[in-house]
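# Overview (structure and organization)
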Amino acid sequence: MPYSTTQTGHYQFSSMVFNRLLFTLALGLLATLSASAQRTQSNVEPDYHYRNGLELFEKANYAAARYEFRQYLEPRRGDGAKSLLNTSDQNAVEAEYYIALTSLYIDEPGAELLVDRFVKNNSQHPKAGQLYGDLGTYYYNRQDYTKAIDFLEKAIRQGGSSAQQSGYKYQLALSYYNTQNLQKALPLLNEIKVDPNSPNAPAASYYAGTINFRNKNFNEAVADFRRIENNPTYQNQVPNWIAQSLYRQRRYDDLLAYTEPLLKRNNGAGMNEVALFTAEVFYQQNQFARAIPYYKSYVNTAGAKAPGAVKFRYGQSLFRTGAYNDAIAQLKTLAGGKDTTAQYAAYTLGVSYLQTQNPTYALNAFDQAGRLSFNREIQEEARFNHAKLQLDQNNGADAVKELTAFLKQYPDSKFENEANELVGEAYFASNNYPAAIAYIEGLKRRTPKINATYQRLTYNQGINDFNAERYQQAVANFDKSLKYPVENSLQQAAQFWKAESYSAGKQYDTAIPLYASISKSGGADTYATKSLYGLGYAYFNKKDYTRALPYFRDFVSRGGDADDRVQVQDATIRLADTYFATKQYENALRSYEQAIAQNAPDKDYASYQKAVILSYVGRDAEAKAQFDQVQRQYPNSRFVDESLFQKANVDFEKGSYQVAIQGFTKLIQDKPNSALIPAALLKRAIAYGNLQQYDPAVADYKRILDNYGESDQAQSALLGIQNTLNDAGRPEEFSQVLGQYKKGNPGSTDVERVQFENARNIYASGKYDQAIQSFLNFMQEYPASPNTNQARYYVAESYRQTNDVANALRYYNLVIADNKSDYLVRAATRAAELEVKQKNYGRAVRNYQLIQSRAGSKAEQVTAQLGLMDTYFVYPKLDSAAIVAREIAAGGNVVAGAQNRAQLMLGKVALSRNDYKTAQGDFDKTIALAKDIYGAEAQYYLGEILYRQKKYKESVATLLKFNEQFSDFEYWKGKAFILVSDNNVALDEPAQAKAVLNSIIENSSDEAIVTEAKQKLATLDSKN
């Protein structure tokens, strides 16, 4: 019926009450509402409260609704609230139903008693069953499944319509499901899933399928999922469940028959797991090519969430189909782990790197696999392959170490025979010739191939012994090599170096017939030609110049190849020397001029000798001009002093004493530190005496006696001053001169000699503190001893050995300041070395320059140049370092290794200036000269240049040559491989970098290198 005005107003009031209840639910408001209702009740129709309660219930205003329903029921109870209602009054029964329902909804105490009483009182009423069902649904929707189960079970027991019961059963099944009571959930779901009239049948089928899957009832699960595979709600989820169920039953053919057509139709994100199970089946069947696209689909979708084991099988599939680069991309992210997957991945990665010609990374991968012990067979194979690859990479020393350890750890390995065969090869590759020789000599049976290896091993060891000046051992090894003449060229070489060893050991008579036999072996043979040079020097060193001459002449006439240029130039000078010694002056002159024209390293000597010959043959003016030319052209030559002296001596010998005096005076004044000063003073004194200028003559004689009493000229000066004083009519002065000379040069008594030798013996025994005291006592007791400077030198050496640098320099400088001792050069050399360490570069330079000026031989001069070069480099005075380096490089190896050391310095100077092109050229030349420590350093710098230019792969390739060419030089090898790890970091290969650093830490014997590698590794680890 239509609402009246009064009803409408009352509705508005009730709405206001509803709004207040939403915020406060205060009991006081309910009391106010009750009073208001009583005042207006007489004006309200009978069903007003009932209809108002329904309206509030629909708006979920349960407290207000309950109040309205109670208001409706109150006048209908005859004797109070507990009296039964008339069940024929349907509104009254339903009002009681809503009161029970709303009481539960607002958690009213005793609400469940109201529900049970209602059902008991109205068991036949439809609302009785509905009440339990509604409450069950209410709690089900609130996900309070425990309460939902209680009411839904009652609702089902209470009965009702088929559709209503089906709905309650579905909700109850899901409530069981969500409380993990699958045993009760499944029968209900099974009932609903086959009900064609139930809207919940698809969902029931889905949940039944998941329960059957969890119970491993895979056939039933598949049937459940098949039932709904076309349902829009579940069609994206069902395929994964079906594929997984079939996979769990190993029904691979059924799985593929199901998944492949499905994936061709739909390969979206929802099919990810389907693609994975398809890939896994093909992998199980070794159909790797067919597995790859499905693995790829899964991994690309899953991204970082893809399990490592799946990535491994994907990588394995790629590996098995020869897609090595793609396999590497998948596996390298797994190989750095610490589990079984990592071990398998690292091993497969190693083989893949080998297939892609990347042995360096393969080494690191096998190393990683060999460190993990989850699978012992894989670990064994990885370690064997790592050792084998070390040998293939010419890392002989590492291969020996690893193969030996492998045989010890795996004595019954299937690789045992192959490993034993490789040990010998590894020894050879390691350049550990003594160990390799001993290994072969210990074999019971030797094949021709082994004998050929033995021939080369013993030859190489002989060369090593020769270079280390172990000439007796060199001969023994060359003899071993000659016992197995498998390779003819090697036999000839061994014979030649055997002769060289005898010659270097000054056993010239033994060397000569060996050289002679080689020289007759063939005119164009390299060693036949070299033997002529050897024969010439053998006779030359025996001072048999007549027999030396034809061999030098023949060697020079053959010319030699480009590598022999320095030897040809040297032989030309020696030929000139033999002509000179046999007084064939014209021939000597031509040969010296030829050496000068060839720009020979000793051209200063040749120029000086030319002047000497000119003076010998009476061409005095030409001789003097040539002596002047030596001084102009070679101002730093050690023959400048000789030229000054000899030029003056030409005039002296002619009797031109006044001119001679001027010449000797120039030497004495310009070269006050020259070793020729005593000789020049003596000659000048004689010249003065011949001119009857007695006072300056006596002064020169006295100067010799006072300052150079230890020189060879001292005795002549003593006799000369006696004669000069007699000629001057002053013989009485000689007694005083003689007394002073005796005082400054007392005869060596036995006590003095024994005391000095005792101090030297203490020094030789390494007791340096005691040696210092012994030498100081000696100098205090014998202040005028001729051994004073020698004692000072040994005191300085002792201080140096005890790291007392200040006192060491003090005593070295005393020897240097005296400027007369044979120990001058040695003291200056030591002082220069210490000054460099103290970074006193200017003082070091002055000492090296002093050594150059006083050098007694070309070798001493070059040694000083080397020190000067190194000092200029650290000063830094790069231009000066380069100038000296070029001088040394042009002079050849007068000192062993000098030429390549100088060439290396030129490269370092260019590198310091970032002139990479020039530096590379100089470093390449250094390596070409010799495979020594300077070559090793040069190889490292070549790698560093490429690293600086960000050519990381090229840098790695360059540095890896260390194993082949410079494996003996532990420090530079370590530096090279640390730089390899830096390159790996730059290439975003941290796992490779770590493997390289771990290898260095475990295998290097250089503590500084190991420390640096550990620091690098710690830095890398901190970034992960």
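Please read these numbers as outputs of a predicted model, since none were measured by experiment. (Residues numbered from 1 in each chain as written. Predicted model: local features only at pLDDT ≥ 70, side-chain atom pairs only at ≥ 80, totals over all residues. Heavy atoms only, no water.)

## Section: the overall build of the chain
Each helix and strand counted, the chain has 56 helices and zero strands in total. The C-alpha atoms of the chain give 54 Å as radius of gyration, which overshoots the globular expectation for 1024 residues (31 Å, by more than 25%). Here the C-alpha coordinates of the chain stretch approximately 180 × 70 × 50 Å along the principal axes. A total of 1024 residues make up the chain; the buried ones form 50% of that total. (Helix = DSSP H or I, 4+ residues; strand = E, 2+ residues; numbered from the N terminus. Rg over C-alpha atoms; globule rule 2.2 N^0.38 Å. Buried < 20%, exposed > 50% of the residue type's maximum accessible area, 1.4 Å probe, protein only.)

## A closer look at the environment of R383
Looking at where R383 falls in the secondary structure, it is placed in helix α21 (residues 376-392). Distance from R383 to G370, taken between C-alpha atoms, is 5.2 Å for residues 13 residues apart in sequence. If we ignore the near neighbours within four places in the chain, the residues touching R383 are G370, E402, F406, Q409 and Y410. (Contact = heavy atoms within 4.5 Å.)

## Some thoughts on the packing of helix α3 (residues 48-58) against helix α5 (residues 90-105)
At a minimum axis distance of 11 Å, the contact between α3 and α5 shows a crossing angle of 35°. Classified by chirality, the crossing of α5 by α3 is left-handed. Judged by residue contacts, Y50, L54 and F57 of α3 engage N91, E94, A95, Y98, L101, T102 and Y105 from α5. (Axes fitted to C-alpha atoms, helices over the stretch in contact; angles between N-to-C directions. Left-handed = near helix turned anticlockwise from the far one by under 90°.)

## Some remarks on the packing of aromatic side chains
Across all of its chains, the model carries 78 aromatic pairs by this definition. With a centroid separation of 4.5 Å and 10° between ring planes, the pair formed by F384 and F415 is classed as stacked. Of this pair, F384 sits in helix α21 while F415 is found in the loop between α22 (396-409) and α23 (416-429), placing the two residues 31 residues apart along the sequence. Considered together, F384 and F415 belong to a single accessibility category, that of buried residues. Seen from their ring centres, Y533 and F555 are 4.9 Å apart, and the 35° between their planes marks the pair as tilted. (Phe/Tyr/Trp six-rings, centres within 6.5 Å; stacked < 30°, edge-to-face > 60°.)

## So, unusual backbone geometry
Across the junction of Y875 and P876, the peptide omega takes the value -5°, indicating a cis bond. Tracing the backbone shows P876 in the loop between α47 (858-874) and α48 (878-890). With phi around 60°, Q143 is a residue other than glycine that occupies positive phi space. Of note, Q143 is situated in the loop between α7 (126-141) and α8 (145-158). Here N803, not a glycine, exhibits a phi torsion of approximately 65°, which is positive. With respect to the helices, strands and loops of the structure, N803 is situated in the loop between α43 (788-801) and α44 (805-818). Its relative accessible area of 67% is what places N803 among the exposed residues.

## Considering the nonpolar core
Grouped together as the largest cluster of nonpolar side chains are 113 residues, with contacts concentrated most on L131, L135, L189 and Y295. If you tally residues by element for this core, the top one is α5, at ten residues. Setting aside its immediate chain neighbours within four residues, Y295 contacts L276, A279, E280, Y283, V310, R313, Y314 and S317. Core analysis: the next-biggest nonpolar cluster, separate from the first, contains 57 residues, A499, A611, I613 and V630 among them. (Core = buried A, V, L, I, M, F, W, Y, C linked by side-chain atoms within 4.5 Å.)

## Side note on helix α38 (residues 694-707)
Here α38 spans 20 Å end to end across 14 residues, near enough to the 20 Å set by a 1.5 Å rise per residue. Those residues of α38 lying buried are A697, V698, D700, Y701, I704 and L705. Relative to the axis of α38, the buried residues are bounded by an arc of 160° and lie together on one face. Among the exposed residues of α38, those pointing more than 90 degrees away from its buried face are D695 and D706. (Expected span 1.5 Å × (residues − 1). Arc of directions from axis to C-beta.)

## Quick look at the environment of N690
Relative to the assigned elements, N690 resides in helix α37 (residues 677-690). N690 gets classed as partly exposed once you look at its relative accessible area, which sits at 42%. Considered as a pair, N690 and T724 are 34 residues apart in the sequence and their alpha carbons are 9.4 Å apart. Only 3.3 Å separates the side chain of N690 from the side chain of Y657, close enough to count as a polar contact. (Polar contact = N/O pair within 3.5 Å; in protein donor to acceptor, adjacent residues only side chain to side chain.)

## Here's the deal with the packing of helix α55 (residues 990-1003) against helix α56 (residues 1007-1022)
Running from amino to carboxyl end, α55 crosses α56 at an angle of 150°, the nearest separation of the two axes being 9 Å. Here α55 lies roughly antiparallel to α56, going by the angle between them. Relative to α56, α55 is oriented so that their crossing is left-handed. Residues A993, K994, L997, N998, I1000 and I1001 of α55 form the contact with α56, whose own contacting residues are I1009, V1010, A1013, K1014, K1016, L1017, L1020 and D1021. (Parallel < 35°, antiparallel > 145°, perpendicular 65-115°, else oblique.)

## Examining the side chain of T572
Inspection of the secondary structure puts T572 in helix α31 (residues 565-581). The buried category is assigned to T572, whose relative accessible area is 1%. In this structure T572 touches V556, S591, Q594, A595 and Q598, once residues within four positions along its chain are discounted.

## Quick look at the pattern of salt bridges
Per the counting criterion, the structure on display carries 43 salt bridges. A salt bridge links K908 to E937, with the nearest nitrogen and oxygen atoms 3.3 Å apart. A residue pair is termed long-range when its members are at least 10 positions apart, and K908 in helix α49 (residues 898-912) and E937 in helix α51 (residues 933-948) qualify at 29 residues. E937 matches K908 in its accessibility class, with the two residues each being buried. Three or more residues are tied together by salt bridges with common partners; here these are E797, R800, R830 and E833. (Salt bridge = Lys/Arg side-chain N within 4 Å of Asp/Glu carboxyl O.)

## Topic: the environment of K624
As for its placement among the helices and strands, K624 is situated in helix α34 (residues 620-633). Separated by 309 residues in sequence, K624 and I933 place their C-alpha atoms 45 Å apart. Other than its neighbours up to four places away in sequence, K624 contacts K647, V650, D651 and V659.

## Topic: helix α9 (residues 162-178)
With 17 residues, α9 ought to run about 24 Å at 1.5 Å a step, and its terminal C-alpha atoms sit 24 Å apart, in line with that. Taking burial as the measure, the 17 residues of α9 include twelve buried ones, the bulk of the element. Restricting attention to buried positions, one finds in α9 the residues Q165, S166, Y168, K169, Y170, Q171, L172, A173, L174, S175, Y176 and Y177. With its phi angle positive at about 65°, Q180 sits one or two positions after the end of α9.

## Some remarks on the confidence of the model for the chain
Put simply, the chain has an average pLDDT of 85, and 91% of its residues get 70 or more. Confidence drops under a pLDDT of 50 for residues 80-86, and excluding neighbours within four residues, the segment shows nine contacts in the predicted structure. (pLDDT = per-residue confidence, 0-100.)

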